[in-house]
Structure formats: C-alpha cells, structure tokens
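Examining the three-dimensional arrangement
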Amino acid sequence: MKLLSYEHQGRIGFGALRDGEHIVTLDDLGYDSLKGVLTARALPILQRLAAERAASLHLDQVRLLPPITEPEKIICVGVNYGNRNEEYKDGSAPPAYPSVFPRFPGSFVGHGQPLLRPPESEQLDYEGEIALIIGKAGRRISAEDAWDHVAALTCLNEGTVRDWLKHGKFNVTQGKNFDASGSIGPWMVTADEFDPRAPLEVRTRVNGELRQHDRTDNLMFPFAELIRYISIWTTLKPGDVISTGTPIGAGVRFTPPRFLKPGDVVEVEVSGIGVLSNPVADELISHS
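Residues numbered from 1 in each chain as written. Predicted model: local features only at pLDDT ≥ 70, side-chain atom pairs only at ≥ 80, totals over all residues. Heavy atoms only, no water.

Attention shifts here to the nonpolar core. If you look at the biggest cluster of nonpolar residues, it comprises 38 residues, and the most contacted ones within it are Leu4, Ile23, Ile130, Leu153, Ile227, Ile242 and Ile273. When residues of this core are traced back to their parent elements, those giving at least two are β1 (2-8), β6 (74-78), β11 (128-134), β12 (150-157), β14 (182-190), α4 (223-233) and β18 (265-270). Among the elements that take part in this core, α4 stands out by supplying five residues, more than any other. Looking at this core, you find at least three residues from each of domain 1 (1-65) and domain 2 (68-282). Ranked by size, the runner-up nonpolar core spans 27 residues in total, among them Ala16, Leu34, Ala42 and Ile74. (Core = buried A, V, L, I, M, F, W, Y, C linked by side-chain atoms within 4.5 Å. Buried < 20%, exposed > 50% of the residue type's maximum accessible area, 1.4 Å probe, protein only. Helix = DSSP H or I, 4+ residues; strand = E, 2+ residues; numbered from the N terminus. Domains from an automatic or database assignment.)

Moving on, we come to the domain arrangement of the protein chain. Quoted interface sizes are often the accessible area lost when the parts come together. Domain boundaries assigned for the protein chain yield domain 1 (1-65) and domain 2 (68-282). One C-alpha centre belongs to domain 1, the other to domain 2; they are set 24 Å apart. In this complex, domain 1 contributes 18 residues to the contact, which on the side of domain 2 involves 24 residues. Of the roughly 1,700 Å² buried at the junction of domain 1 and domain 2 (both faces included), carbon and sulfur atoms supply 62%. Considering only the surface of domain 1 that becomes buried against domain 2, Lys35, Leu38 and Leu64 emerge as the three largest contributors, covering 33% of it. Applying the counting rule to domain 1 against domain 2 returns zero salt bridges. Taken together, the links from domain 1 to domain 2 amount to five residue pairs in polar contact (both at pLDDT 80 or more). Of all the secondary structure elements, the ones that give two or more residues to the side of domain 1 that touches domain 2 are β1, α1 (34-39), α2 (43-52) and β5 (63-65). (Contact = heavy atoms within 4.5 Å. Buried area = accessible area lost by both parts, 1.4 Å probe. Salt bridge = Lys/Arg side-chain N within 4 Å of Asp/Glu carboxyl O. Polar contact = N/O pair within 3.5 Å; in protein donor to acceptor, adjacent residues only side chain to side chain.)

The subject of this paragraph is the packing of aromatic side chains. Counting across every chain of the model gives two aromatic pairs. An angle of 90° between the planes, with centres 5.1 Å apart, marks the rings of tryptophan 164 and phenylalanine 178 as edge-to-face. Of this pair, tryptophan 164 sits in the loop between β13 (160-161) and β14 while phenylalanine 178 is found in the loop between β13 and β14, placing the two residues 14 residues apart along the sequence. Among the residues examined, tryptophan 164 registers a relative accessible area of 25% and is labelled partly exposed. Taking the relative accessible area as the measure of exposure, phenylalanine 178 reaches 14% and is therefore buried. The ring of phenylalanine 254 carries arginine 211 above its face, with NZ or CZ at 5.4 Å from the centroid. Positioned above the aromatic ring of phenylalanine 254 is the side chain of arginine 258, whose terminal nitrogen or guanidinium carbon lies 4.9 Å from the ring centre. (Phe/Tyr/Trp six-rings, centres within 6.5 Å; stacked < 30°, edge-to-face > 60°. Lys NZ or Arg CZ within 6 Å of the ring centre and 35° of its normal.)

Within this structure, the stated rule accounts for 22 salt bridges. Where lysine 73 meets aspartate 240, a salt bridge forms, and the shortest distance between an N and an O atom there is 2.8 Å. Remark: aspartate 240 occurs in the loop between α4 and β17 (241-243) and lysine 73 occurs in the loop between β5 and β6; sequence separation between them is 167 residues. Judged on exposure class, the residue lysine 73 and its partner aspartate 240 are both buried. The shortest N-O distance in the salt bridge between aspartate 195 and arginine 197 comes to 3.1 Å. By relative accessible area, aspartate 195 is classed as partly exposed at 34%.

Moving on, we get to the pairing of strand β2 (residues 11-18). Where β1 meets β2, six bridges bridge the pair, whose relative direction is antiparallel. Bridge pairing in β2 links histidine 8 to arginine 11. Counted between consecutive antiparallel strands, the loop separating β1 from β2 contains two residues, among which glutamine 9 sits at a positive phi close to 55°. Inspection of the sheet shows β2 paired to strand β3 (residues 22-25) by four bridges, in the antiparallel sense. If you follow glycine 15 over to β3, its bridge partner there is threonine 25. (Pairing = 2+ DSSP bridges.)

Looking now at unusual backbone geometry. Omega for the bond connecting glycine 185 with proline 186 falls within 30 degrees of zero, at 0°, which places this linkage in the cis form. Mapped onto the elements of the fold, proline 186 is located in strand β14. In this structure, the amide linkage connecting threonine 255 to the following residue, proline 256, adopts the cis form with an omega of -5°. Structurally, the position occupied by proline 256 is in the loop between β17 and β18. Even without being glycine, glutamine 9 reaches a positive phi, approximately 55°. Examined against the element boundaries, glutamine 9 turns out to sit in the loop between β1 and β2. Residue aspartate 19 is not a glycine yet carries a positive backbone phi of 55°. On the basis of relative accessible area, aspartate 19 is assigned to the exposed category, the value being 66%.

Moving on, we get to the sheet that holds strand β9 (residues 115-117). The mixed open sheet is built from five strands, whose spatial order is β9-β19-β18-β15-β16. On the outer flanks of this sheet lie β9 and β16 (209-215), each paired with one strand and no other. Here the strands of the sheet are splayed against their neighbours by 20° on average, with no regard to which way each runs. (Axes fitted to C-alpha atoms, helices over the stretch in contact; angles between N-to-C directions.)

Below is the structure:
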C-alpha cells in the first residue's frame, strides 16, 4: 500500500494512493497523521479502509508533503555502498561501524516542491537514497527482528551543501541541514510489499541524465544491521526515518564538480516505490 501526506485547500491530510493517481482519504479516523497511525499500530485498519472506500482526490489537486510530516528523528548513514568507500581514494579500509548524522525535518520538502540553493553557497548537491520508516518502537533490536520494526520504505534525496560540510572538524551537520535542501517521498510503501531478502535498486537522474545507480546487496551495512546498530544507542520510535546511504556519482565527484543550479530537475527512483522528483530554485531572501 502506498500512503502519502498532502496539503489540499490549506488543510493537511493523508491517504492511500490508488491506480497511481487517485487518493483515498483516510484522515477522518481519529489519527492526526501517518505518524499517529504508526504509533497506534493502526496500519491494518488503513489497509482495510483503503480497499473499501472510493477515491475522492486526484494527485493533481494536492501538494505532496514528506510522508511522515513530523518525525522525531531522521538519521542518515554516510558512505554505505562498498564502492563509495573506494571513491574517496584515501586507501582506507572498509569501516567497522556505520557513519551516522542527524537531519532536521525542515531540511526536507515533498515531491514536486523546489530544492532551495542557499545564497551562502553554489555547491548544492544531490544524494539519492532509500529510507526506512520505523513502525514499531524498539531499543537494542536484533538484526533478526529488524524487519518487524519497519513500517514502510520511501525515496529520499539527501541534498547537501558541500562546502559547509567542512566547517566543523568532527561533524557534517551544517552542510546537511539547510532548509529545503532535500526531499522525501513521493509516498511511503508499506513493508509488506517487499521481500527483505531481495535487493532494491536506486537511481538518481539530473535533467534526465543517470548519475547514480546501485543495488542494496552492495551495502556495507544492510538495513537490518543499521537498525541493530542505531537502536543500541537510541530508542527507535514510530515515524523515525533512517536514510541508508547513497551510491557513487554525486555531483561533487565529477571533474569539475557538477553542482545543482536553478532550473535543474532531480529524480530519485527506487524499485518498488516510484520516482521522487524536485526542481531546483534559488532561495529568495527577504530584506524587509
């Protein structure tokens, strides 16, 4: 089932996607958001009603939001595809532990909304990724039980302001959290639609040109291991998002670098989910 959050006529709602373009509204059940649905363990109720109800909206009538509009935590994983470690050309051995950092909800927009290049930098870059959305809370989750804690998967563009990554000696938080620099969506697909043993493919295109392509069987730290490791030091809660890493081919790795500019369109496609697409625009600064 594909679940999405949207704004329609000034009101935020959520529902299920049917036939690729129609929305079955499901926000009249007493839950304030899809995060609230996950917290109440009410996905089976949504699945039943989505099959019974008629669609009442069309995708063209709404502005899509990130599927989980107010996650408590967004945890991103860096350098997780095996050939990305080699991409750095520093001779380092594969890492023993995942590299992780936080992102804030305001740094992401939904499908179709512009990614904003800030006036402080011309180095806005793209990173296509697969994101996990947690459905069941847990601490010190075993790898064997990890999939039971996943509610859904979605596409994520982990947009990055490259020169600001270097401002901190021990962190990359600044360059990873500019407002509206990344995107999530267009919807989340419930975990029962996937075989956890089957690899997924992720592709990133800029203006139709394929820039990134890899499969999850090349991850150094698979989904289950990420959940196991992260849940050792923080309790994962319903609606939390784990972005699992990006393949080689980001704009910074070209010679010369190929950073995003206004008018570009970035697409992140994940097998079994769909295509997350966003135009790029300059952030406008008010001087009032």
